[in-house]
Amino acid sequence: MGLFRSSMREKHERSYSDRELFRRYIKRLASYRKNIMLIALFIVIQAIATVALPALIRYLTNELDGGSPDLVFTILAAAGFLLLYIINWIAFSLQQMQSGKYVPFFLEEMRLDLFKKLQEQDMTFFDEYMSGKLNSIIVNDTLDFSSTAILISNTIGSIVISICTLGIIFYFNWILALITVAAIPALFLLMFLLRRLAKRVSKNYREAISSVNSAMVEAIEGIQVSKSFGQELNIVSQFEDVNQNYFSAWMKLTATTHFWRPLLNTITSIILCLVLYFGIDMNISVDILIMFVLYVQTFFRPVLQLARFFPELSAGMAAFERILSIFDSEPNVKQKRNAQPIDDIKENIQFKNVNFWYDRDNVVFEKLNLTIRKGEKLAIVGHTGSGKTSLVSLLSRYYEYQGGDILIDEQSIRNYTLDSYRKLYGKVEQDVYLFPGSIKENIRFGRKDVTDEDIWRVLDIVQASEFVHRFPNGLETIIGSRGRDLSVGQRQLISFARAILLNPKILILDEATSSVDAFTEAMIQEALGKMLEDRTAIIVAHRLSTIVNVDRIIVMDNGAIVEEGTHEELLDLQGKYASLYNQYFVHQTLDWQEQSYSK
Ligand code: M5T
Ligand code: MG
């Protein structure tokens, strides 16, 4: 499957026993028991009206047999029919109305719960779940699962109809009644056995549709890369594979869930033939025989519904299993039960013998030690992949570390409430993400107490008010997803403003490697100077202009801090920093640029 192979990988998967699934299913439905009972009641009313019909027909046949009926009788009989149909119709409409109210509610509640659960997760979860798959669970699986929500009501209704019909036919002729029920045990056994197959094919189907979603999302995310490499056709053909896989999973699902329908109809027909044959053989009266034939049909309709219960439930459960796997994903990053709030840093931040890995096979930090004083401006430099982003991600509690501890004022950061802890930080990510919406909303980011003046003030601080003013709609300018309508530098300034608005005690900046033009560079530099005032700042630095101005630079190599000091001190060391400087940073000095232009 080439590029999309990983989108077809289902990690984080859990499986549940049928019992466990059913228990959780019932629990989920518990708060809707009133609706379920009401729907079942309307089904039962329909059932009674339906069950009464053959009896009425039998009565009529009996009367007609005796000679020409009088007018009153005919009118009464017609009225009886009409009444039964009207009752049926009203009960059916009420049942539909109830389902129409409750199923969307059920769906909405489940989607909301899932969405909340996603927000609780830390980054490990999002590294493992592709966004396409999550999208598929929240949109498709919940929709399919919610269709099982009325399964229970249908089943209750069906049980009641079957029992009523059974009682009536046994009352009239127990031999014919026995013939009628003879096939039932076999039918149920078949359906019970089918449930595993149904669950398996449904599960494959769900995985296939989620792969299509993931592939679609990844392909759109990567569209620029595909275009720049002229690989659009190649991507299409790889998508075709994923799509083909979905197609065959779908075919299997349809085949499994539908092949038994004609089978069940055949069984009903055979039973009908047998009832007719033995009925005639036993010489029973025509009216009873007609009634019996009608009751066999009335009886089998709910039985078919009941028999479908297992395969339908299993198919729904395949969706439910995926939904539960999200509900049951416990975030790794958790606050301790008696966690305390924190509102400022008094002394320092300490990394003590911190061990960390994303993946057990690739350890990022082993016994990492670092102390950052309050108010210090610290720069982290190092080759790509040396662990700079990982260090600040740990501090932001995106990931849980596996060994050692990170302390603020001698207290483990795990002892602080997550909410208050995260409020200490303002963070500008390496890969700036802006939401599709107005510039104002992106900076304000949900905070209600922020006025336009506040926003202009932070835009001033980060030197961005000028370009925002130039947009005809100013703060209300709508930017595309990921901020596509802005230049890279502009996006960065907006994300600076967003971070500064929070007035954080600690500012974390993961500079993007992409170089901006000299003018923006100067703007960012000036913005930075103001942003860092009176704060503790940790900057993953890619710009010379940033590193020369900080209090201390640490040099990372392969997950370890190998050197530290100021720019001059480190240059004098003639070690790792000096070589990094000569590789990266020297190109950014004015001297170097003047030299190279004059050549
Ligand atoms: C440090 C690995 C990566 C590297 C090491 C983000 C991330 C990193 N890694 C993972 O296995 N999974 C992940 O999700 O961790 O990576 P880093 O901290 O991102 O490095 P950096 O910030 O110094 O690099 P750069 O390129 O941003 O300058 O071995 O494989
Ligand atoms: Mg990085």
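Computed from a predicted structure; not experimentally measured.

Enquirer: Got a sec to walk through the sheet that holds strand E9 (residues 506–510)? Specific residues and values, please.
Expert: Strand order in the open sheet made by the 6 strands is E6-E9-E10-E3-E11-E12, with mixed pairing throughout. A strand with exactly one partner marks an edge of an open sheet, and here the two such strands are strand E6 (425–428) and strand E12 (560–565). Sheet twist, expressed as the average angle between the axes of neighbouring strands with direction ignored, equals 20°. Summarising the sheet, strand E3 (residues 377–382) and strand E11 (residues 552–557) pair through 5 bridges and their orientation is parallel. By the bridge assignment for E11, Ile380 is matched with Ile554. Running over the sheet, helix H13 (residues 388–395) touches E3, E6, E9, strand E10 (536–540) and E11 and is turned about 140° from E3. Sheet strands touched by helix H22 (residues 576–583): E3, E11 and E12. Its angle to E11, the strand with the most contacts, is close to 90°.

Enquirer: With reference to specific residues and values, describe H22.
Expert: Listed in full, the buried residues belonging to H22 are Tyr577, Ala578, Leu580 and Tyr581. Each buried residue of H22 sits inside an arc of 160° when the element is viewed along its axis, so together they form one side.

Enquirer: So what's going on with unusual backbone geometry? Residues and values would help.
Expert: Phi is positive for Gln463, which is not a glycine, with a value near 65°. Its place among the elements puts Gln463 in the loop between helix H16 (452–461) and helix H17 (465–470). Positive phi outside glycine occurs at Asn558, with the angle close to 50°. Position of Asn558 among the secondary structure elements: in the loop between E11 and E12.

Enquirer: Before we move on, could you go through the sheet that holds strand E2 (residues 362–373) and cite the residues and values that matter?
Expert: Picture the strands of a sheet paired through backbone hydrogen bonds; they go either parallel or antiparallel. Pairing is antiparallel in the open sheet, where 4 strands are placed in the order E2-E1-E4-E5. On the outer flanks of this sheet lie E2 and strand E5 (411–412), each paired with one strand and no other. Two elements, strand E4 (residues 403–408) and E5, share 2 bridges in a ladder whose sense is antiparallel. Counterpart to Ile408 in the pairing with E5 is Gln411. Strand contacts of H13: strand E1 (348–359), E2 and E4, with the helix running at about 115° to E1, the strand carrying the most contacts.

Enquirer: I'd like a rundown of the pairing of E10, residues and numbers included.
Expert: Counting buried residues along E10, 5 of its 5 residues qualify, which places the element largely inside the surrounding structure. Going residue by residue along E10, you find Thr536, Ile538 and Val540 tucked away on one face and Ala537 and Ile539 tucked away on the opposite face as well. By the bridge criterion, 4 bridges tie E3 to E10 in an arrangement that is parallel. Considered in E10, the bridge of Ala379 is made with Ile539.

Enquirer: Describe in detail the site of ligand 1, supporting the description with residues and values.
Expert: With respect to spatial proximity, 13 residues lie near ligand 1, and among them Thr384, Lys388, Thr389, Ser390 and Gln430 are the closest. At a separation of 2.7 Å, an oxygen atom of ligand 1 approaches a polar side-chain atom of Thr389. For ligand 1, whose accessible area on its own is 610 Å², the fraction buried by protein is 67%. Mapped onto the shell around ligand 1, the elements with two or more residues apiece are E2 and H13. With 3 residues, the single largest contributor to the shell around ligand 1 is H13. Tallied by class, residues from the shell around ligand 1 come to 2 nonpolar, 10 polar and 1 charged.

Enquirer: Tell me what's going on with helix H11 (residues 260–281), and back it up with residues and numbers.
Expert: Since the α-helix turns once every 3.6 residues, residues separated by three or four places project in the same direction. Along its 22 residues, H11 runs 31 Å from first to last C-alpha, staying within 8% of the 32 Å computed at 1.5 Å per residue. Along H11, the residues classified as buried are Trp260, Leu264, Thr268, Ile271, Leu272, Val275 and Gly279. For H11, the buried positions fall inside an angular range of 130° around the axis, keeping them on one side. Pointing more than 90 degrees away from the buried face of H11 are the exposed residues Cys273, Tyr277, Ile280 and Asp281. Close packing links the buried residues of H11 with helix H7 (174–182), helix H8 (184–221), helix H10 (232–258) and helix H12 (286–327). Directly beyond the C-terminal end of H11, a positive phi value near 65° is found at Asn283.

Enquirer: Explain the domain arrangement of the protein to me, using residue names and the numbers behind them.
Expert: Entries for the protein in the domain assignment read domain 1 (28–327) and domain 2 (349–588). In this structure, domain 1 and domain 2 have C-alpha centres spaced 55 Å apart. Contact residues are listed per partner, giving 5 residues for domain 1 and 4 residues for domain 2. Counting each side, the surface lost to burial between domain 1 and domain 2 is near 410 Å², with a carbon and sulfur contribution of 39%. Three residues stand out in domain 1 for area buried against domain 2, namely Met123, Asp127 and Glu221, and they jointly supply 66% of the buried area on that side.

What counts, and where the lines are drawn
- Residues numbered from 1 in each chain as written.
- Chains lettered and ligands numbered in written order.
- Predicted model: local features only at pLDDT ≥ 70, side-chain atom pairs only at ≥ 80, totals over all residues.
- Heavy atoms only, no water.
- Pairing = 2+ DSSP bridges.
- Helix = DSSP H or I, 4+ residues; strand = E, 2+ residues; numbered from the N terminus.
- Axes fitted to C-alpha atoms, helices over the stretch in contact; angles between N-to-C directions.
- Contact = heavy atoms within 4.5 Å.
- Buried < 20%, exposed > 50% of the residue type's maximum accessible area, 1.4 Å probe, protein only.
- Arc of directions from axis to C-beta.
- Near = heavy atom within 4 Å.
- Polar contact = N/O pair within 3.5 Å; in protein donor to acceptor, adjacent residues only side chain to side chain.
- Areas by Shrake-Rupley, 256 points an atom, 1.4 Å probe, with all protein chains shown as cover.
- Nonpolar A, V, L, I, M, F, W, Y, C, P; charged D, E, K, R; others polar.
- Expected span 1.5 Å × (residues − 1).
- Domains from an automatic or database assignment.
- Buried area = accessible area lost by both parts, 1.4 Å probe.

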